[in-house]
Amino acid sequence: AEAEAGSAQGARWLNATVDQLVCRFGTSAVQATFVSPSLLKCHSPPASEVGGPNVTLSVADNGVDFVAAGVFGYSPAPLVTSVNPSEAFVGQGVSVQLRGVGFRAFDEPSCKFVPIGNGTMSSLEAPAIFVSHHIVECFIRIVAKGSYRVLASNNGLEYGLSSAVFESIDSPFATGLSPQPVHGMDTIVNITGRNFAASELRMS
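It should be emphasised that the depicted structure is a prediction, and the values quoted were computed from it without experimental measurement.

Caption draft 1: Examining the overall build of the chain more closely. Looking only at helices and strands, the chain features 2 helices and 16 strands. Counting across all 204 residues of the chain, residues that qualify as buried make up 30%. Pairs at least 24 residues apart make up 54% of the contacts formed inside the chain by residues separated by at least 6 positions. Taken as a whole, the chain presents about 12,400 Å² of accessible surface, with 54% of it coming from carbon and sulfur.

Caption draft 2: The arrangement of the nonpolar core in detail. Among the nonpolar cores identified, the biggest contains 21 residues, and Val-96, Leu-98, Phe-113 and Phe-166 are the most heavily contacted of them. Of all the secondary structure elements, the ones that give two or more residues to this core are β7 (79-84), β9 (93-101), β10 (110-115), β11 (124-132), β12 (135-141) and β13 (146-153). Among the nonpolar cores identified, the runner-up in size contains 13 residues, and Leu-21, Val-30, Cys-42 and Val-59 belong to it.

Caption draft 3: Layout of the state of the cysteines. If you walk through the whole model with that rule in mind, you get 2 disulfides. Here Cys-23 is linked by a disulfide to Cys-42, with a sulfur-sulfur distance of 2.3 Å. Its S-S torsion of approximately -80° makes the covalent link between Cys-23 and Cys-42 left-handed. Linking Cys-23 in strand β2 (residues 22-25) with Cys-42 in strand β4 (residues 39-42), this pair joins segments that are 19 residues apart in sequence. Assigned by exposure class, Cys-23 and Cys-42 land together as buried. A sulfur-sulfur distance of 2.2 Å marks the disulfide that ties Cys-111 to Cys-138. Taking the sign of the S-S torsion, 120° for the link of Cys-111 and Cys-138, the bridge is right-handed. One end of the pair, Cys-111, is in strand β10; the other, Cys-138, is in strand β12, and 27 residues separate them in sequence. By the burial criterion, Cys-111 is buried, and Cys-138 matches it. The connectivity of the disulfide bonds within the chain can be written as 1-2, 3-4, using the sequence rank of each bonded cysteine.

What counts as what
Counting from 1, residues in each chain are numbered in the order their sequence is written. For this predicted model, a pLDDT threshold of at least 70 governs which residues receive local features, and a threshold of 80 or more governs which side-chain atom pairs are given and counted, while totals over whole chains, interfaces and linings are taken from all residues. Each side-chain value is derived from all of the structure's non-hydrogen atoms; neither hydrogens nor water enter the calculation. Numbering of helices and strands runs from the N terminus; a helix is a DSSP stretch of H or I covering at least four residues, while a strand is a stretch of E covering at least two. Three exposure classes are used, based on accessible area relative to the maximum for each residue type with a 1.4 Å probe and protein chains only: buried under 20%, partly exposed in between, and exposed over 50%. Residues are treated as being in contact if the distance between any of their heavy atoms lies within 4.5 Å. Note on areas: Shrake-Rupley with a 1.4 Å probe; residue coverage comes only from the protein chains shown. Note on terminology: a nonpolar core comprises buried Ala, Val, Leu, Ile, Met, Phe, Trp, Tyr and Cys residues joined through side-chain atoms within 4.5 Å. In this description, a disulfide is simply a cysteine sulfur pair whose atoms lie within 2.5 Å.

Next up, the structure:
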């Protein structure tokens with residue numbers, strides 16, 4: 001959250017010590033960071049701690065005397081219900097579309113791919129593009145095979161729940177075919193190899 005001030009209050013911010021600059025969300029106070037004589041930044045506490053969804057944001061330059069800066073609103077984190085496409089080959093960059101509810105056009109929407117059942121893999125985050133209140137899109141490249149829970153955030157910090165799963169799979173690899181040669185007739189060709197799957201196989 002950001003709080004702005006006029007020249008008089010800004011001068012007091014400039015002269016205040018670090019521990020005296022405080023933002024208060026409702027009744028919950030947090031340390032503020034001085035950016036300029038006209039701007040403070042502070043991390044908002046969880047909505048559960050302030051009694052949201054809308055609370056008064058106040059600031060103080062002495063830790064005691066607070067001045068109202070405005071109303072700060074909380075909104076639920078988005079819920080992801082599906083992802084399309086739902087799979088890609090390992091190392092393949094792909095644009096995916098997340099569908100759900102609660103998406104908002106905030107400053108830094110993002111998506112996160114969280115490994116399922118593998119504690120050795122790290123979660124991957126990527127910026128998202130707001131399309132509508134039910135759709136966001138993001139580009140992701142996953143370099144490890146596995147299943148990933150797909151989450152979304154409106155502000156790049158707080159992620160909601162999800163029932164969507166994305167699969168990163170090995171690329172198919174052909175090692176041989178038979179019969180060959182084929183002499184200009186309709187023929188069923190058998191292809192041998194590795195990592196074939198039943199979903200959306202394409203030949204070229």
